[in-house]
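# Secondary and tertiary structure notes
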Amino acid sequence: MNLPEWLLRHQITVEPYAGDSAYGPTYGPPAEVAALVTPNIRTVRNAQGREVTATAQIITAPGLDCPPESRITLPGGRVTRAISVADYTAPGLPVPECTEVNAE
């Protein structure tokens, strides 16, 4: 069961992190994604295990291609970076599945 589409009231742009090059980070092609964006200040752990502060929580449909370090443009135009990504699934249970992204 997927998250109901009517809950995803915002449009964001996600550019998936593809790695580093000699000229800095590289990103995949941008994708427009329906999401629910909440300004939410909280402490999360980044890919290196350090505690950092996230300022936005993003909920999307499952299967979002957004590894940590991906570039995200929020509805207000602010460009941020994904800190952590979690896929929530519950096979066999009647609850919605989704992807949660915490961003800088």
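Anything mentioned here points back to the structure above.
This text gives an overview of the structure that appears in the document. (Residues numbered from 1 in each chain as written. Predicted model: local features only at pLDDT ≥ 70, side-chain atom pairs only at ≥ 80, totals over all residues. Heavy atoms only, no water.)

## Brief notes about the pattern of salt bridges
All chains considered together, the criterion is met by five salt bridges. Residue glutamate 15 is joined to arginine 71 by a salt bridge in which the shortest nitrogen-to-oxygen separation is 3.1 Å. Here glutamate 15, found in strand 1 (residues 10-15), pairs with arginine 71, found in strand 6 (residues 71-73); they are 56 residues apart in sequence, far enough to count as distant. Between glutamate 69 and arginine 81 there is a salt bridge, and its shortest N-O distance comes to 2.6 Å. Of this pair, glutamate 69 sits in the loop between strand 5 (51-60) and strand 6 while arginine 81 sits in strand 7 (residues 79-88), and the two are twelve residues apart along the sequence. For glutamate 69, a relative accessible area of 28% puts it in the partly exposed group. Judged by its relative accessible area of 26%, arginine 81 falls in the partly exposed class. Linked by salt bridges that have partners in common, Glu69, Arg81 and Glu104 make up one network. (Salt bridge = Lys/Arg side-chain N within 4 Å of Asp/Glu carboxyl O. Helix = DSSP H or I, 4+ residues; strand = E, 2+ residues; numbered from the N terminus. Buried < 20%, exposed > 50% of the residue type's maximum accessible area, 1.4 Å probe, protein only.)

## Side note on the nonpolar core
One finds Ile12, Val14, Ile58, Cys66, Ile72, Leu74 and Val101 to be the most contacted residues of the largest nonpolar core, which totals 14 residues. Elements represented by at least two residues in this core include exactly strand 1, strand 4 (31-45), strand 5 and strand 8 (98-103). Sorting elements by how many residues they give to this core places strand 4 first, with three residues. Excluding residues within four positions of it along the chain, valine 14 makes contact with Pro29, Pro30, Ala31, Val33, Leu64, Asp65, Cys66, Arg71 and Ile72. Membership of the second largest hydrophobic core comes to five residues, among which are Leu3, Ala34, Ile59 and Cys98. (Core = buried A, V, L, I, M, F, W, Y, C linked by side-chain atoms within 4.5 Å. Contact = heavy atoms within 4.5 Å.)

## Some remarks on the packing of aromatic side chains
Tallying each qualifying case throughout the model produces one aromatic pair. Ring centres of tyrosine 17 and tyrosine 27 lie 6.2 Å apart, and the angle between their planes is 65°; on these two criteria the pair is classed as edge-to-face. Residue tyrosine 17 is located in strand 2 (residues 17-21), and its partner tyrosine 27 is located in strand 3 (residues 24-27); the two are separated by ten residues in the primary sequence. Using a relative accessible area of 25% as the deciding quantity, one classes tyrosine 27 as partly exposed. (Phe/Tyr/Trp six-rings, centres within 6.5 Å; stacked < 30°, edge-to-face > 60°.)

## Considering the sheet that holds strand 1
Spatially, the six strands close up into a barrel ordered 1-4-5-8-7-6, and their pairing is antiparallel. With direction set aside, neighbouring strand axes in the sheet form an average angle of 45°. Of the strand pairs in this sheet, strand 4 and strand 5 are connected by nine bridges, and their pairing is antiparallel. Its bridge partner being in strand 5, proline 39 is matched across the sheet by alanine 56. (Pairing = 2+ DSSP bridges. Axes fitted to C-alpha atoms, helices over the stretch in contact; angles between N-to-C directions.)

Read these as layout, nothing more, since geometry by itself doesn't imply function.
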